Amino acid sequence: MSASEDESDGGSTVDLTILGGGPAGLAAAYYAGHRHASVRIIESLEDVGGQLIALYPEKYMSDVAGFPNVLANQLAASLAEQGLQFRPELRVAEEAVAMELVEQDGEELIRIVTNTGAVYLSRSLIVTTGHGAFAPRKLPLEGIDEWEGKGLLYAVREKAELAGKRCVIVGGGDSALDWTLGLATTTEPPIVLVHRRDRFRALESSVAAARALEQEGRARIMTPCEVREIHGSDRIEAVTIENTASGERERVPCDALITLLGFSSHLGAIGLWGLERFGRRQLLVDPTTMRCSKPRIYAAGDVAGYQGKITLITISLAEAAIAANNAIAEIRHEKAQPEYSSE
Ligand SMILES: Cc1cc2nc3c(=O)[nH]c(=O)nc-3n(C[C@H](O)[C@H](O)[C@H](O)COP(=O)(O)OP(=O)(O)OC[C@H]3O[C@@H](n4cnc5c(N)ncnc54)[C@H](O)[C@@H]3O)c2cc1C
């Protein structure tokens, strides 16, 4: 198809569109900007930063090179400062819903339409949409949705909101353990951690730290246990927790029930764009270039899939560098040859 003249124009044709302003998208913007490419970032949330600001802004991280111990939202701010330094066009609160390849004046372009109806054209595309649209996994309790906004949380956004509150955390993975540790000095002790198995999936060091908190009386770990009922009128006041081994039930007072059971995610509209997939949630890429199954379309970060993939920020940043340098090289018909940032 050819790009029509009268459609709602989202601006000029740029060298590169980046879908998603998380760590991978921001890093891709940096590397493309450094090559003097014109860049547009489309981000569905109000702000850039991806999972770091949306899911765990106040979690301390220690595994990102150069940052021995950093709060996720501080790391997000640094990534944004670096990624936006070449002033890419930034479109926030817009979700990409359609993509097609079009021809305009003899040039092959990529046409993105967002949920606002805006249309954007570019010569290349890097998909860095992470997990796509998030949906939290919920406790299988009838009427669970009615407690949202009344003390039921699927993520911790601000620790201060939970200051002095009685909290029950449900989950057995890293998030549940991280927040048990992270909130233990904020909430009213003991913070209660409920997991349906005796064994946790989280890092051994986090489990050991939680057990140490339990020894000090600042945490209570309940396993193998499940939340069976939520009680309260306007807000959550208590939960009934059952020990699934003994069948014993206990009513535990609580102001906040934080269920950290992970998120189910899907590619959403991106899965319908005719790009080859890797499993259900990722786009297949060639890891040596990060190219997808169509020309001039690349992916990096959590959304990019290949054998042996590890979803970590460090990996996302490296993939973004590969994707941006290859995308720019492809549209310029040159060899991908990254330049150093210093002269
Ligand atoms: C609780 C938790 C703790 C973690 N801790 C660590 C850790 O300690 N160390 C570590 O290395 N990694 C950690 N991770 C993983 C890390 O956050 C991810 O690997 C990283 O965020 C991936 O970056 P990304 O840019 O690929 O995707 P994301 O961060 O998911 O960013 C994708 C962005 O794309 C946007 N988007 C999605 N769909 C669209 C669309 N259709 N149109 C426009 N925009 C769209 C989203 O809104 C989002 O902002 C953790 C993850 C979680 C959930």
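Our structure's up above, just so we're on the same page.
Before going into details, it helps to say that this report is about the structure given with it.

Thresholds, definitions, all that
Residues numbered from 1 in each chain as written. Predicted model: local features only at pLDDT ≥ 70, side-chain atom pairs only at ≥ 80, totals over all residues. Heavy atoms only, no water. Pairing = 2+ DSSP bridges. Helix = DSSP H or I, 4+ residues; strand = E, 2+ residues; numbered from the N terminus. Buried < 20%, exposed > 50% of the residue type's maximum accessible area, 1.4 Å probe, protein only. Contact = heavy atoms within 4.5 Å. 1 Å grid on protein atoms, 1.4 Å probe; cavity = no way out; pocket = protein on both sides within 12 Å on 5 of 7 lines; lining within 4 Å. Points joined across faces, edges and corners; volume = space filled by probe spheres on them. Nonpolar A, V, L, I, M, F, W, Y, C, P; charged D, E, K, R; others polar. Near = heavy atom within 4 Å. Areas by Shrake-Rupley, 256 points an atom, 1.4 Å probe, with all protein chains shown as cover. Polar contact = N/O pair within 3.5 Å; in protein donor to acceptor, adjacent residues only side chain to side chain. Salt bridge = Lys/Arg side-chain N within 4 Å of Asp/Glu carboxyl O.

1. Some remarks on the sheet that holds strand 19 (residues 277-278)
Phase 1: Across the sheet, which stays open at both edges, the three strands sit in the order 19-20-22 with mixed pairing between neighbours. If you trace the sheet from one side to the other, it starts and ends with strand 19 and strand 22 (304-305), each paired once.
Phase 2: Where strand 19 lies against strand 20 (residues 282-284), two bridges are found, and the strand directions are antiparallel. Following the sheet pairing, R277 is matched in strand 20 by L283.

2. As for the pairing of strand 6 (residues 96-104)
Phase 1: When strand 6 meets strand 7 (residues 107-114), the two strands line up antiparallel, connected through eight bridges. From the neighbouring strand, L101 faces strand 7, where its bridge partner is I110.
Phase 2: Counting the residues that bridge the hairpin from strand 6 to strand 7 gives two residues, and of these D105 lies at a positive phi of roughly 50 degrees.

3. Topic: unusual backbone geometry
Phase 1: Cis rather than trans, the peptide bond between P189 and P190 has omega equal to -5 degrees.
Phase 2: Along the polypeptide, P190 turns up in the loop between helix 4 (174-183) and strand 12 (191-194).
Phase 3: Of note, the phi angle at M290 is positive, near 65 degrees, even though the residue is not glycine.
Phase 4: Tracing the chain through its elements places M290 in the loop between strand 20 and strand 21 (297-299).
Phase 5: Of note in this structure, H333 is not a glycine but carries a positive phi near 55 degrees.

4. Section: the environment of N115
Phase 1: Its location among the elements puts N115 in the loop between strand 7 and strand 8 (119-127).
Phase 2: Overall, N115 belongs to the partly exposed group, its relative accessible area being 49%.
Phase 3: In this structure the C-alpha to C-alpha distance between N115 and E94, which are 21 residues apart in sequence, comes to 6.2 Å.
Phase 4: Setting aside anything within four residues of it in sequence, one finds N115 in contact with A93, E94, E95 and V97.

5. Let's talk about the layout of surface pockets
Phase 1: Roughly 340 Å³ of internal volume is contained in the second largest pocket.
Phase 2: If you go around the second largest pocket, you meet 18 residues; those closest to its centre are L139, P140, V170, R196 and L261.
Phase 3: Among the elements that take part in the lining of the second largest pocket, strand 14 (residues 225-232) stands out by supplying four residues, more than any other.
Phase 4: Each residue belonging to the lining of the second largest pocket can be placed in one class, and the counts come to nine nonpolar, three polar and six charged.

6. Examining the environment of V207
Phase 1: The topology assignment puts V207 in helix 5 (residues 204-215).
Phase 2: Counting along the chain gives 43 residues from V207 to G164, while the straight-line C-alpha distance between them is 23 Å.

7. Points about the site of the ligand
Phase 1: Close to the ligand lie 32 residues, the nearest being E43, Q51, Y56, D302 and I313.
Phase 2: In isolation the ligand offers 1000 Å² of accessible surface; the protein chains occlude 89% of this area.
Phase 3: Sorting the residues of the shell around the ligand by element identifies helix 1 (23-34), strand 2 (39-43), helix 2 (51-54) and helix 6 (313-332) as the ones contributing at least two each.
Phase 4: Of the residues assigned to the shell around the ligand, the class counts are eleven nonpolar, 15 polar and six charged.

8. Side note on the side chain of E242
Phase 1: Its place among the elements puts E242 in strand 15 (residues 236-243).
Phase 2: In this structure the side chain of E242 is engaged in a polar contact, spanning 3.0 Å, whose partner is the side chain of R249.
Phase 3: Discounting chain neighbours no more than four positions away, the residues touching E242 are P224, C225, E226, R228, G247, E248 and R249.

9. Let's talk about the pattern of salt bridges
Phase 1: In this structure the tally under the stated criterion is 19 salt bridges.
Phase 2: The partner of K59 in a salt bridge is D178, with the nearest N and O atoms 3.1 Å apart. With K59 in the loop between helix 2 and strand 3 (60-61) and D178 in helix 4, the pair connects residues that are 119 residues apart, well separated along the chain.
Phase 3: Overall, the relative accessible area of 24% leaves K59 in the partly exposed class.
Phase 4: Close ionic contact of R228 with E226 constitutes a salt bridge, the shortest N to O distance being 3.1 Å.
Phase 5: Judged by its relative accessible area of 29%, R228 is partly exposed.
Phase 6: For E226, a relative accessible area of 27% translates into the label partly exposed.
Phase 7: Bridged by salt links that share partners, the residues E226, R228, E229, E242 and R249 form one connected network.

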